[in-house]
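Fold and contact review
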Amino acid sequence: MSAKKGLNLTLKIWRQKNNKSRGQFETYKISDVSTDSSFLEMLDILNENLINQGKEPIAFDHDCREGICGMCSLYINGRPHGPDTGITTCQLHMRMFKDGETITIEPWRSAAFPVIKDLVVDRSAFDRVMAAGGFISVNTSGNTTDANSILVEKEKADKAMDAATCIGCGACVASCKNGSAMLFVGAKVSQYALLPQGQVERKRRVLKMVAAMDEEGFGNCSNTGACEVECPKGISLEVIARLNREYFGASLDQA
Ligand code: SF4
Ligand code: FES
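Keep in mind that what you see is a predicted model, and the values were worked out from it rather than measured. (Residues numbered from 1 in each chain as written. Chains lettered and ligands numbered in written order. Predicted model: local features only at pLDDT ≥ 70, side-chain atom pairs only at ≥ 80, totals over all residues. Heavy atoms only, no water.)

**Details of the site of ligand 1**
- Taken together, 13 residues form the shell around ligand 1, and within it Cys 166, Cys 169, Gly 170, Cys 172 and Cys 231 come nearest.
- Mapped onto the shell around ligand 1, the elements with two or more residues apiece are helix H4 (171-175) and helix H5 (182-193).
- For the shell around ligand 1, the per-class residue count stands at eleven nonpolar, two polar and no charged. (Near = heavy atom within 4 Å. Helix = DSSP H or I, 4+ residues; strand = E, 2+ residues; numbered from the N terminus. Nonpolar A, V, L, I, M, F, W, Y, C, P; charged D, E, K, R; others polar.)

This is how it looks when you write it as structure tokens:
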């Protein structure tokens, strides 16, 4: 029986020293990559090869490597998180590629996510939008209500939990021709707007988050739906419709 051969690949990878330099694609060859390895493991092997050759390894972001943290922000063959759907880059496996294939790897491209180095971008704009949303207020004087005894309609609870699966990866922004962050902000606004615990600051929260989103330079939504297609967590466009309604309602109250 012949031994199973791995993939021989050509990688076109974006290299950029820092956010001031221009950056360019560089081409690398890698051979005998197991189809069982993950995309990030393939990059690990490439980096080991580069280090052994005395060259600088490629900087890329990762942390949990199990689809939770949202760090692994790579644009692979023109798609955020690569050719598979409903997964993050760290969950992408090399069996999705063919022997002899050329794979193009870029960082997220968005004005609001400047490149720090190679494939690493600065997504702290998301953190600032989240921080603008602030806290929730809970009355803790006297007999505090047990959270489990607060009734929440099943449909609302499900929608809030679905919205809360957003991991802040930024694929929605990277896939959008306008660089819009509406899917992300819609998810964050929805998870509180639907629950009783989010009601006290409901109006203030949406106004502040939208203001922060605009200030960070994210574009406007023009309903192309690319964000929903590329979101690894299947966040629905419904959250954008809710964000618009929440914002409109809160703005009317201010007028
Ligand atoms: S909405 Fe989806 S694509 Fe956008 S940050 Fe959240 S998980 Fe990532
Ligand atoms: S490394 Fe955490 S989601 Fe990919």
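**Side note on the pairing of strand S1 (residues 7-15)**
- In terms of residue burial, S1 counts as a mostly covered element, since seven of its nine residues are buried.
- By the bridge criterion, eight bridges tie S1 to strand S2 (residues 24-33) in an arrangement that is antiparallel. Following the sheet pairing, Arg 15 is matched in S2 by Gln 24.
- As paired strands, S1 and strand S5 (residues 102-107) are joined by four bridges and run parallel to one another. Bridge pairing links Lys 12 to Thr 104 in S5. (Buried < 20%, exposed > 50% of the residue type's maximum accessible area, 1.4 Å probe, protein only. Pairing = 2+ DSSP bridges.)

**Digging into the pattern of salt bridges**
- Under the defined criterion, the tally for this structure stands at 13 salt bridges.
- Between Lys 154 and Asp 158 there is a salt bridge, and its shortest N-O distance comes to 2.8 Å. With Lys 154 and Asp 158 both in helix H3 (residues 154-163) and four residues apart, this pair spans about one turn of that helix.
- A relative accessible area of 60% means that Lys 154 is categorised as exposed. (Salt bridge = Lys/Arg side-chain N within 4 Å of Asp/Glu carboxyl O.)

**Re the environment of Asp 32**
- Among the structural elements, Asp 32 can be located in strand S2.
- If we ignore the near neighbours within four places in the chain, the residues touching Asp 32 are Lys 5, Gly 6, Leu 7 and Asn 8.
- Polar side-chain contacts of Asp 32 include one of 2.7 Å to the backbone nitrogen of Gly 6. (Contact = heavy atoms within 4.5 Å. Polar contact = N/O pair within 3.5 Å; in protein donor to acceptor, adjacent residues only side chain to side chain.)

**Regarding H5**
- Its twelve residues give H5 an end-to-end C-alpha distance of 15 Å, which sits within 8% of 16 Å, the value for a rise of 1.5 Å per residue.
- Where burial is concerned, most of H5 is hidden: eleven out of the twelve residues are buried.
- Within the span of H5, buried status applies to Met 182, Leu 183, Phe 184, Val 185, Gly 186, Ala 187, Lys 188, Val 189, Ser 190, Gln 191 and Ala 193.
- Check the buried side of H5 and you find it contacts helix H2 (124-133), H3, H4, helix H6 (202-215), helix H7 (226-230) and helix H8 (238-254). (Expected span 1.5 Å × (residues − 1).)

**Side note on the domain arrangement of the protein chain**
- As far as domains go, the protein chain holds domain 1 (7-117) and domain 2 (124-140 + 151-254).
- With 17 residues of domain 1 at the interface, the matching set in domain 2 holds 18 residues.
- Between domain 1 and domain 2 the total buried area reaches about 1300 Å² when both faces are included, carbon and sulfur atoms providing 57% of it.
- On the domain 1 side of the contact with domain 2, Pro 80, Ala 112 and Phe 113 bury the most area, a combined 34% of that side's loss.
- Measuring nitrogen to oxygen at the nearest pair gives 3.0 Å for the salt bridge that ties Arg 79 to Glu 230.
- Across the domain 1-domain 2 interface, the total number found is three residue pairs in polar contact (both at pLDDT 80 or more).
- Per-class residue counts for the side of domain 1 that touches domain 2 are eight nonpolar, seven polar and two charged. (Domains from an automatic or database assignment. Buried area = accessible area lost by both parts, 1.4 Å probe.)

**Brief notes about the packing of H5 against H8**
- Taken N-terminus to C-terminus, the directions of H5 and H8 make an angle of 70°; their axes are 8 Å apart at the nearest point. Between H5 and H8, the interaxial angle falls into the category roughly perpendicular. Regarding H5 and H8, the two cross each other, and that crossing is left-handed. For the pair formed by H5 and H8, the contact residues are Met 182, Leu 183, Val 185, Gly 186, Ala 187, Val 189, Ser 190 and Ala 193 on the first element and Val 239, Ile 240, Arg 242, Leu 243, Asn 244 and Glu 246 on the second.
- Partitioning the contact of H5 with H8 into residue classes produces nine nonpolar, three polar and two charged. (Axes fitted to C-alpha atoms, helices over the stretch in contact; angles between N-to-C directions. Parallel < 35°, antiparallel > 145°, perpendicular 65-115°, else oblique. Left-handed = near helix turned anticlockwise from the far one by under 90°.)

**So, the nonpolar core**
- With 38 residues, the main nonpolar core has Val 129, Leu 183, Val 185, Met 213 and Phe 218 as its most contacted residues.
- When contributions to this core are tallied by element, the ones reaching two or more residues are H2, H4, H5, H6 and H8.
- Two domains each donate at least three residues to this core, and these are domain 1 (7-117) and domain 2 (124-140 + 151-254).
- Ile 13, Phe 39, Cys 72 and Ile 103 belong to the second-largest nonpolar core, a separate cluster that totals 27 residues. (Core = buried A, V, L, I, M, F, W, Y, C linked by side-chain atoms within 4.5 Å.)

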